[in-house]
Amino acid sequence: MTVTDAARAADPERGTLAKAADENFPVAPFFLPRDWRTDLMAVYGFARLVDDIGDGDLAPGGADARLLGVPSDHAGDRLLMLDAFEEDLRRVFDGTPRHPLLRRLRPTVRRRSLTPEPFLGLIAANRQDQLVTRYETYDDLLAYCELSANPVGRLVLGVTGTSTPERIRRSDEICTALQIVEHLQDVAEDLGRDRIYLPAEDMRRFHVRRTDLAAPTANASVRALIAYEAERARDLLNQGAPLVGSVRGRLRLLLAGFVAGGRAALRAIAAADHDVLPGPPKPGKVQLLREAGVVLRGEG
């Protein structure tokens, strides 16, 4: 057991929230108002824990299972854990949750008048990950992103009190794009979990097989496929980018950071000649800042 695992086992709430420092995008940056940061961290705690359940990345010892009323020796049953987590989520809206991360979420839900739907979507996405490991078409992948990614953007708009139908549409485009970019960066890691998020019809079109994705480096066919999917993600980011200009102040900085992060990641993938198999290409801070400036100026 690592020091991090030991800390999470002793204090699951703090250990899960500490993961925010390792995320690709800032969860609750310092420049936001304190009440926004508090509520965004509460939302993050929920989202991080449900992903950890779905990925089997909980701290050893079964502490989270016990908090959810599941016997420790069943902590590895991901579907059972997700069911228990959903049951505890419902207590956020009509009772007192068992898990401290959900108790932390309860005042945020009340203060911001958040509904259960986006939270249930994230649980459904992780449940789907246990049952579906391949996606036949791009539309199938978009439907998955509707559950796994778009609720996060909707919750950010809800916490900041800026939801409108148009902003939700733009946010969905950005969040779906970011999810696809993450899938492109993590092809090798996902394959290790027996998951492939590259649409099967596209793999056939580019003559890419599963064994090609398991290679140490990408062949020409894999690179062409990654470039194709990256262009789709770039188009979605560009479609959603006007969301940034529709808000003002510090929220504009936050949303610009999301778009810039996606664009910078796509540039890093291109700079690696679309070879994502040795490990996820990551952008540097200078590239991130440059992209953020472009987004804020509305030039891209």
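Residues numbered from 1 in each chain as written. Predicted model: local features only at pLDDT ≥ 70, side-chain atom pairs only at ≥ 80, totals over all residues. Heavy atoms only, no water.

Caption draft 1: Spatial organisation of the environment of Arg 91. Structurally, Arg 91 is set in helix α5 (residues 78-94). Linking Arg 91 and Arg 106, residues 15 residues apart in sequence, is a C-alpha distance of 8.8 Å. Side chain to side chain, Arg 91 and Glu 87 meet in a polar contact 3.1 Å long. (Helix = DSSP H or I, 4+ residues; strand = E, 2+ residues; numbered from the N terminus. Polar contact = N/O pair within 3.5 Å; in protein donor to acceptor, adjacent residues only side chain to side chain.)

Caption draft 2: Seen up close, the layout of surface pockets. Estimates place the volume of the second largest pocket at around 330 Å³. What lines the second largest pocket is a set of 16 residues, among which Pro 26, Gly 257, Leu 288, Leu 289 and Ala 292 lie closest to the centre. Looking at the lining of the second largest pocket, the elements that each hand over two or more residues are α16 (249-271) and α17 (285-296). It is α16 that provides the largest number of residues to the lining of the second largest pocket, a total of 6 residues. Residues that form the lining of the second largest pocket fall into these classes: 12 nonpolar, 3 polar and 1 charged. (1 Å grid on protein atoms, 1.4 Å probe; cavity = no way out; pocket = protein on both sides within 12 Å on 5 of 7 lines; lining within 4 Å. Points joined across faces, edges and corners; volume = space filled by probe spheres on them. Nonpolar A, V, L, I, M, F, W, Y, C, P; charged D, E, K, R; others polar.)

Caption draft 3: Structural detail: the nonpolar core. Core analysis: the biggest nonpolar cluster contains 82 residues, and Phe 46, Phe 85, Leu 105, Leu 198 and Leu 213 have the highest contact counts within it. Apart from the residues lying within four places of it in its own chain, the contact partners of Leu 213 are Val 187, Leu 191, Ile 196, Leu 198, Met 203, Val 208, Val 222 and Leu 277. (Core = buried A, V, L, I, M, F, W, Y, C linked by side-chain atoms within 4.5 Å. Buried < 20%, exposed > 50% of the residue type's maximum accessible area, 1.4 Å probe, protein only. Contact = heavy atoms within 4.5 Å.)

Caption draft 4: Molecular detail of empty space enclosed by the protein. If you walk through the whole model with that rule in mind, you get 2 cavities of 30 Å³ or more. Roughly 60 Å³ of internal volume is contained in the largest cavity. Lining of the largest cavity is provided by His 183, Val 187, Asp 190, Leu 191, Arg 195, Ile 196, Tyr 197, Leu 198 and Leu 213. Ranked by residues supplied to the lining of the largest cavity, first place goes to helix α11 (residues 187-192) with 3 residues. Grouping the constituent residues of the lining of the largest cavity by class yields 6 nonpolar, 1 polar and 2 charged. Of the pockets and cavities examined, the second largest cavity occupies roughly 40 Å³. Around the second largest cavity sit Leu 141, Ile 180, His 183, Leu 184, Tyr 197, Leu 198, Pro 199 and Glu 229, which together line it. Ranked by residues supplied to the lining of the second largest cavity, first place goes to helix α10 (residues 165-185) with 3 residues. Of the residues belonging to the lining of the second largest cavity, the class tally is 6 nonpolar, 1 polar and 1 charged.

Caption draft 5: How the structure looks around the environment of Arg 104. Tracing the chain through its elements places Arg 104 in helix α6 (residues 100-112). Residue Arg 104 is classed as partly exposed on the basis of its relative accessible area, which comes to 35%. In sequence terms Arg 104 and Leu 296 are 192 residues apart; their C-alpha atoms lie 33 Å from each other. Each residue touching Arg 104, except ones within four places of it in the same chain, is listed here: Glu 13, Leu 17 and Ala 42.

Caption draft 6: Expanded view of the packing of α5 against helix α7 (residues 117-131). Where α5 meets α7, the closest approach of the two axes is 10 Å, and the angle between their N-to-C directions is 175°. With respect to α7, the axis of α5 lies roughly antiparallel. Contact residues: Arg 78, Leu 79, Leu 82, Asp 83, Phe 85, Glu 86, Leu 89, Arg 90 and Phe 93 in α5; Phe 119, Leu 120, Ile 123, Asn 126, Arg 127, Gln 130 and Leu 131 in α7. Here the contact of α5 with α7 is built from residues that sort into 9 nonpolar, 2 polar and 5 charged. (Axes fitted to C-alpha atoms, helices over the stretch in contact; angles between N-to-C directions. Parallel < 35°, antiparallel > 145°, perpendicular 65-115°, else oblique.)

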